[in-house]
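Listed below are the residues making up each chain.
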Amino acid sequence: MADPVVPVRREQLRDEPVTGAKRVILAAPRGYCAGVDRAVVAVEKALEHYGAPVYVRKQIVHNVHVVSTLEQKGAIFVDEVDEVPRGSHLVFSAHGVSPAVVQGAKDRELEAIDATCPLVTKVHREATRFSRDDFHILLIGHAGHEEVEGTMGHAPERTTLVNSPDDVATLIVPETDKLVWLSQTTLSVDETMETVRLLRARFPHLQDPPSDDICYATQNRQVAVRKVAEDADLVIVVGSSNSSNSVRLVEVALEYGAKAAYRVDYASEIRQEWLDGVATVGVTSGASVPEVLVQQVLADLAFAGYRDVDQVVTAEEDLMFSLPKELRRDVSGQPDARGLGGRTRKLDWQTP
Ligand code: SF4
C-alpha cells in the first residue's frame, strides 16, 4: 500500500518583495535520530515478517505522518496492552514502558517487541540502580509524557517528578542524604541546567547522574537551531505538537534570536503572513520527522522566492542501533547491517 500523501496547500505561497535577499538556512543535524529510525524500522520489519496486523502501544514515535504511514501498512496503535488480542505481536514504542506494562503484556501472552530507544533504557537502568541503592530520584521531565511514565515506573516509590524550574521551591522530598537527579531525554538543555541549579541550591547534597540523560540527538538539534536562529527572521520547525524535542526547538529558536518561530506538521500549514518582511527563513525538524516533510517545506518556500538554501552543519551523526533482540532472533537470515558502536562527531566550534 502506498504511503499517505503529504497534504499540499490549496493556494501556493506568494513571492512578495522584502528588504534584502531571500534565503533559507537549513539546520543540520535535523530529523530522524538513531532511536526513531530503529523504532520505525522495527514496526516495518515486524509487519513484513509476521504479517499485519502488528499492534503498537502508543505512537511508535511522536509524528502524525509516521504513524499514519505505518497504519496504512497494517500497524494498529493502542493505548494499553489490554486492547490487544491475546497472542498478538505488540511493539513497545521508542519512549519506553514501565515494568508493569511489560508484565501486562506477558499476562496476555503477547509477543512483545521492545523498540524502546537504548538511550531511554539507559535512564531506566539508572533509575532501577539508584532506587536499589536507596536513593531518592528527582526526575526532571514533563508530567504525562510517555517516557516519564515509563521511567517513573522503574522506581515508583522513590521518584519525584520535577516539571519545571518553577516547581523546585515547592517540591516535597523525603528526608534523605541520598538524592540524585535524572531527566527525560528530550528536554531543553538550558532549562534543565537551570532546574538543576535551583535544585542544588535547595538540596546541596544532590548528586549528578553518571552521564547526560538528555540524548545526543536532542542536544545536537538544539545546537543547530541556535546557530540558525542567530540569523533568521523566522524559524520553521517541522514536527508534531506532542513531540517534546520539536516543541523545544521552537523555544530554543526564540531564545537564541529568531524574531518568530513556528512548528508545523506539514508545509501546507505555513501561513503567508508569517513571511511578511522576512528575508531569512531558518528550517529544521524534530528527531521523529522524516526528511520528505522538510523537503516539502523547502519546495513551498521556493514558491515564495526562498530558493537559495544554505545548510549549517553543527555536528555529524553516524550513530545506529541494532534492531530489537526479538526481531533479530526471529528475522535471522535476513541481512541487517545495523550495528552498535557508532559515534556522533562534534565540530570544533560546537559548545560542550
Ligand atoms: S530523541 Fe534521543 S532518546 Fe529519543 S529516540 Fe531519539 S535518540 Fe532516543
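Here the structure is a predicted model, which is why all the values come from computation and not from measurement.

Structural notes on the nonpolar core
In step 1: Membership of the largest hydrophobic core comes to 59 residues, with the highest contact counts inside it found for Ala39, Val43, Ile60, Val91 and Ile137.
In step 2: Each residue touching Val91, except ones within four places of it in the same chain, is listed here: Ala42, Val43, Ala46, Val54, Val56, Ile60, Ile113 and Ala115.
In step 3: Counting 35 residues, the second largest nonpolar core, distinct from the first, contains Leu26, Val237, Ala267 and Val281.

As for the site of the ligand
In step 1: Not every one of the 15 residues close to the ligand is listed here, only the nearest: Cys33, Gly35, Cys117, Thr185 and Cys215.
In step 2: Looking at the shell around the ligand, the elements that each hand over two or more residues are helix H1 (34-50), helix H4 (118-132) and helix H7 (216-229).
In step 3: Element by element, the count of residues in the shell around the ligand is highest for H1, at 3 residues.
In step 4: Classifying every residue of the shell around the ligand gives 10 nonpolar, 5 polar and no charged.

Quick notes on H4
In step 1: With 15 residues, H4 should reach 21 Å at 1.5 Å per residue; the first-to-last C-alpha distance of 21 Å fits that figure.
In step 2: Along H4, the residues classified as buried are Leu119, Val120, Val123, His124, Glu126, Ala127 and Phe130. The buried residues of H4 occupy one face: seen down the axis, they fall within an arc of 160 degrees. Exposed residues lying more than 90 degrees from the buried face of H4 are Arg125 and Arg132.
In step 3: Where H4 is buried, its residues meet H1, strand E6 (136-140), helix H5 (146-152), strand E7 (159-162) and strand E8 (179-183).
In step 4: Remark: Asp134 follows H4 within two positions and exhibits a positive phi of approximately 70 degrees.

As for the UniProt feature "binding site: dimethylallyl diphosphate" (unreviewed entry) in the protein
In step 1: Here the UniProt-annotated "binding site: dimethylallyl diphosphate" (unreviewed entry) positions come out as His62, His95, His145, Ser243, Ser244, Asn245 and Ser288.
In step 2: On the basis of neighbour count, His62 is assigned to the buried category, with 29 C-beta atoms found within 10 Å.
In step 3: Excluding residues within four positions of it along the chain, His62 makes contact with Ser240, Asn242, Ser243 and Ser288.
In step 4: Looking at the secondary structure, you find His145 in the loop between E6 and H5.
In step 5: Residue His145 is classed as partly exposed on the basis of its C-beta count, with 18 C-beta atoms lying within 10 Å.
In step 6: Every residue in contact with His145, bar those within four places of it in the chain, is listed here: Gln184 and Ser244.

Quick word on the sheet that holds strand E2 (residues 54-57)
In step 1: Here we have 4 strands laid out as an open sheet, ordered E3-E2-E4-E5, and parallel in their pairing. Two strands close off the open sheet at either side, each with one partner strand: strand E3 (75-78) and strand E5 (111-114). Pairs of neighbouring strands in the sheet enclose a mean axial angle of 30 degrees, with direction left out of account.
In step 2: Sheet analysis places E2 next to E3, joined by 4 bridges and oriented parallel. The partner of Val56 across the bridge, within E3, is Phe77.

What counts, and at which threshold
In this numbering scheme, every chain counts its residues from 1 along its sequence in written order. This being a predicted model, a pLDDT of at least 70 is required before a residue's local features are given, and a value of 80 or more before pairs of side-chain atoms are given or counted; all residues contribute to the totals for chains, interfaces and linings. Under the definition applied here, buried Ala, Val, Leu, Ile, Met, Phe, Trp, Tyr and Cys residues are grouped into a nonpolar core through C-beta atoms within 7 Å. Residues are called buried when their C-beta atom has 20 or more other C-beta atoms within 10 Å, exposed when it has 12 or fewer, and partly exposed otherwise; all C-beta atoms are positioned from the backbone. We call two residues in contact whenever the C-beta atoms placed from their backbones are within 7 Å. Near, for a residue, is defined by distance from a backbone-placed C-beta atom to a molecule or strand, with 6 Å as the limit that must not be exceeded. Secondary structure follows DSSP: runs of H or I at least 4 residues long count as helices, runs of E at least 2 residues long count as strands, and numbering of each begins at the N terminus. Each residue is assigned to one of three groups, with Ala, Val, Leu, Ile, Met, Phe, Trp, Tyr, Cys and Pro labelled nonpolar, Asp, Glu, Lys and Arg labelled charged, and all others, Gly among them, labelled polar. Expected span, for any helix, means 1.5 Å times one less than how many residues it has. To be clear, the arc concerns the directions from the helix axis to the C-beta atoms. UniProt positions are given in the numbering used here, feature names are shortened, and annotations may be inferred rather than shown by experiment. In short, DSSP must find at least two bridges between two strands for them to pair. To define axes, lines are fitted to C-alpha atoms, for helices over the stretch in contact only, and angles between the resulting N-to-C directions are given on a 0 to 180 degree scale.

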